[in-house]
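# Structural features, examined
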Amino acid sequence: MELTRRQFAALASSAAGVAALSMAGCSPNKDSGKPEEADAHEPYVSPMTDGEITKVRTACGNCHNNCGMIANVRDGVIISLEGDPEHPHGKGSLCPKGQAFLDVVYAPDRVTKPLKRAGERGEGKWEEMEWDEALDYIAEKLTEIRDTYGPEYLCYSNGAPVQNIVRNAYWEFYARYGTPNQAAVPNLCFVPRLVALNTTYGFRNEDDYNNADLIILWGANPFASMRPSSFMCYEKKGCLSSLIDAMERGVNLVAIDPVCSETANKATTWIPIRPGTDGAMALAMIHTVIKEDLYDHDFVEKWCQGFDELSSFIEQYSPEWAEGETGVPVQTIADLARTYATTPRATIHDGNNFALQTNCVQATRAIAILESITGHIDVEGGNCCFPDVIGNPKAVEMGNSAGIKTTVAVDKPPLAATYNPMLAAGMPATLRAIETGEPYVPKAMMMYHTNGAITQAQPQRTIELLRNLDFIVVNDLFITQTALQLADVFIPDCTFLERYDYRTYPSAEGTVVTLRQQAIEPRDGIMNTYDFEYALAERMGFAEGYPWTNQEEFITYALTPSGLTFEDLKANPTQIVGKHEYRKYETGGLRPDGEPGFNTPDGKVDLVDLAFKKNGYDPLPAYVPPAASASTKPEVAAAYPLIGINRRIVYYAHFKYRNNPYLRENRPDPVVLMNPVDAKDRSLADGEWIKLTSLFGEAKFLLNVSERVMAGVLWVDGGWGDPWAYEDSNLNALVDGTELDPVSQSPSLHSFFVEASKA
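Residues numbered from 1 in each chain as written. Predicted model: local features only at pLDDT ≥ 70, side-chain atom pairs only at ≥ 80, totals over all residues. Heavy atoms only, no water.

## Focus: the nonpolar core
Within soluble globular proteins, side chains that are nonpolar generally end up buried alongside one another. For the record, the criterion: By convention a nonpolar core is built from buried Ala, Val, Leu, Ile, Met, Phe, Trp, Tyr and Cys residues, the set being connected through side-chain atoms within 4.5 Å. Think of it in three bands: with a 1.4 Å probe and only protein chains considered, a residue is buried below 20% of the maximum accessible area for its type, exposed above 50%, and partly exposed in between.
Ile138, Leu142, Phe173, Met445, Met446 and Leu536 are the most contacted members of the largest nonpolar core, which has 86 residues in total. Among the nonpolar cores identified, the runner-up in size contains 57 residues, and Met281, Cys304, Ala346 and Ala366 belong to it.

## Describing the environment of Lys113
Which entries qualify depends on this criterion: Here a strand is any run of E in DSSP of at least two residues, a helix any run of H or I of at least four, and the numbering for each starts at the N terminus. Contacts: residue pairs with any heavy atoms within 4.5 Å of one another. Counting of polar contacts relies on pairs of N or O atoms within 3.5 Å, with two restrictions inside protein: one atom must be capable of donating a hydrogen and the other of accepting it, and residues adjacent in sequence are counted only when both atoms are side-chain atoms.
Residue position: Lys113 is located in the loop between α4 (102-105) and β4 (115-117). Taking the C-alpha atoms as reference points, Lys113 and Met527, 414 residues apart in sequence, are found 9.5 Å from one another. Residues in contact with Lys113, not counting those within four places in the same chain, are Glu128, Met129, Glu130, Phe490 and Pro492. A polar atom in the side chain of Lys113 sits 3.1 Å from the side chain of Glu130.

## Considering empty space enclosed by the protein
A water-sized probe rolled over the atoms picks out the places where empty space is left. Rules: Cavities and pockets are defined on a 1 Å grid built over the protein atoms alone: a cavity is a set of grid points where a 1.4 Å probe fits but cannot escape, while a pocket is an open set with protein on both sides within 12 Å along at least five of seven lines, and lining residues are those with an atom within 4 Å of any such point. Grid points are joined across faces, edges and corners, and a volume is the space filled by probe spheres set on the points. For this classification, the nonpolar set comprises Ala, Val, Leu, Ile, Met, Phe, Trp, Tyr, Cys and Pro, the charged set comprises Asp, Glu, Lys and Arg, and every other residue, Gly included, is treated as polar.
Scanning the entire structure with this criterion turns up 11 cavities of 30 Å³ or more. Its volume calculated, the second largest cavity comes out at about 190 Å³. Lining the second largest cavity are 18 residues, with Asn164, Arg167, Phe231, Ile390 and Arg503 positioned closest to its centre. Sorting the residues of the lining of the second largest cavity by element identifies α6 (164-168) and β18 (501-505) as the ones contributing at least two each. Broken down by element, the residue count for the lining of the second largest cavity peaks at three residues, all from β18. Of the residues contributing to the lining of the second largest cavity, the split by class is eight nonpolar, five polar and five charged.

## Notes on helix α20 (residues 459-466)
α20 sits mainly inside the fold: six of its eight residues count as buried. Of all the positions in α20, only Pro459, Arg461, Thr462, Ile463, Leu465 and Leu466 are classed as buried.

## Re the sheet that holds strand β9 (residues 214-218)
Just so we agree on the cut-off: Two strands qualify as a pair provided that DSSP identifies no fewer than 2 bridges between them. To obtain each axis, a line is fitted to C-alpha atoms, and for helices this fit is confined to the stretch in contact; angles are then taken between N-to-C directions over 0 to 180 degrees.
Taken in spatial order, the four strands make up an open sheet running β11-β10-β9-β13, and their pairing is parallel. Strands with a single pairing partner mark the edges of an open sheet, and in this sheet they are β11 (269-271) and β13 (346-350). Shown here is a sheet whose adjacent strand axes are inclined to one another by a mean of 15 degrees, direction ignored. Here three bridges tie strand β10 (residues 252-256) to β11, and the two strands are oriented parallel to one another.

## Some details on the side chain of Ser372
Looking at where Ser372 falls in the secondary structure, it is placed in helix α17 (residues 360-373). Judged by its relative accessible area of 0%, Ser372 falls in the buried class. Here Ala368 takes part through its backbone oxygen, which lies 2.7 Å from a polar atom of the side chain of Ser372. Not counting chain neighbours up to four residues away, the residues in contact with Ser372 comprise Tyr201, Phe299, Ile377, Val605 and Leu607.

This is the structure in structure tokens:
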């Protein structure tokens, strides 16, 4: 049976459609008029057998939501996937990525044997290796680099932690090897916001939507991402049900966004804002709250530090000033500030768009201060520390948001600390070290579930600089652009359905702990990552005293603080640990020492940021215009008058899954949305291919003329650029890779100068 896009969407919206999806034969639309490109692989068709079906409860691993999933297995083969109605996260719902994942597990172009590069980097010539041979070769090369240069000359790079294994795998290995150098993607993720929140009030917040009377979704589009909060489990019917319930009970839902996104379209109020100027609006709201005496006096006096300095500082940031920066009318800014300050149960969800700006950390700091002085922190309906935001003093798992706690401490500072001491883990600082030679040039890199060659801004620069390294190992499912351009050795990985893992979710009931169960044996004998890590540690001579030897032991180790073991979770795959309470700053629930206050150096909400001051950054959230600001770069703005912003859609996660034929049937092409005025000025027509050009490169997209975007703004699909997914349509080719947020290394993916013309 061949499904149309409309039929696919209908099936994908219900669990009942799963079996049909697993049997259907879908392929990308060949008649779309698109340029020639590598086809996605043929869809997988599950075999028809008479064996009994075993239902394996697990958790999806396609995105950060990790919804409950059931794998239906017959004769050792997964025949279909469906949502788990008993799992508190998702309650039986499953998005298209989850329902279509069988095509990833059984993809014919999935690599199942280790590969060694046979030609030049980028040629795509490989020789198969046996697993023992690959382990021996990697151990030999890493030993040579360590003995010749030192352990710090190895860098490691892991991708977005859509599964816990991505942030935990190899962590113990790298510590024992002796390298401190992480060259990962935190600059593209939530981590820049985490730096701001942790240093202001000590935790990453979750939104108490179920009790809120006002919800501000700022730079967030959960109705497209399917991710309503950070990691919160709302225990309703599906991920978005908490927002839908809020809308049904008449909650005022405000969306602040440059475009009329799926979320803005459903909101009570949409406030269009000039890209990259969110910090200016937040500062103006603080100005209104303080000047009109709307702040929470009791909370500020007892729990905040630096209010007098903040009051003097904020004088310069009036709503009248902010209107000129943001394009948001004075009255709109002031009214929203008043409404927020005087609504006791109100929450602000700042989305990942904040992390994709060159002024993102201070903009997030401004919002954190606004939340704090109005008394909306860790209270009913506000921005709360639910158990367990990882890294919370009441943690149920080892480690923090960066990775698992190791048994060995590395005594060398990361090379990235030379440039970014408060977030010394990003790829940009590593590239800068390669480019400048300061403090030194690394010699090797191991990359796990990351497509770093094309996820960072200016991808060609990234590729050219990383090719200076002597040895690169890539561990992934497919030969991505990163593997093709950079890998000397490629190690295939299991999918989340072929190994064990775990997941924790904050919730109002306590910490939800889930075992991600293995549904089938790995294809063609692929080693699971924890087995591979331990085997490599053995060959390197530092396996003695390892806290685990296999994936089952790892899960017990990782969940040590919770008291749960692998065996406990096998018996009952989803359990709740601990409990939730509000106002934990009054009872000592936010601090590791159990004392009242916040988990900051002085126990207060630091309106004047002590950590920033210590590291040479402005301790108050001074506004800096975005990279794409006509006021600071008039000549560039004249040549490239449009401002591009990044767009994400539900069918894909980051750069993943565009070789899945089911998903490509529904969303086959990279799209850019442009206002009719801008299209008319350039004689561009809806449905034609156009070229976007910037100072840094060019990329091609299919034009969608739409009034959903403001004039002067382009909403550009991100995530394309793999060998099978329009290599010449990578948004990152348009973005500066060197002008970054000084704290977090974040590029201007949400505010970049561009011009458009016919392709």
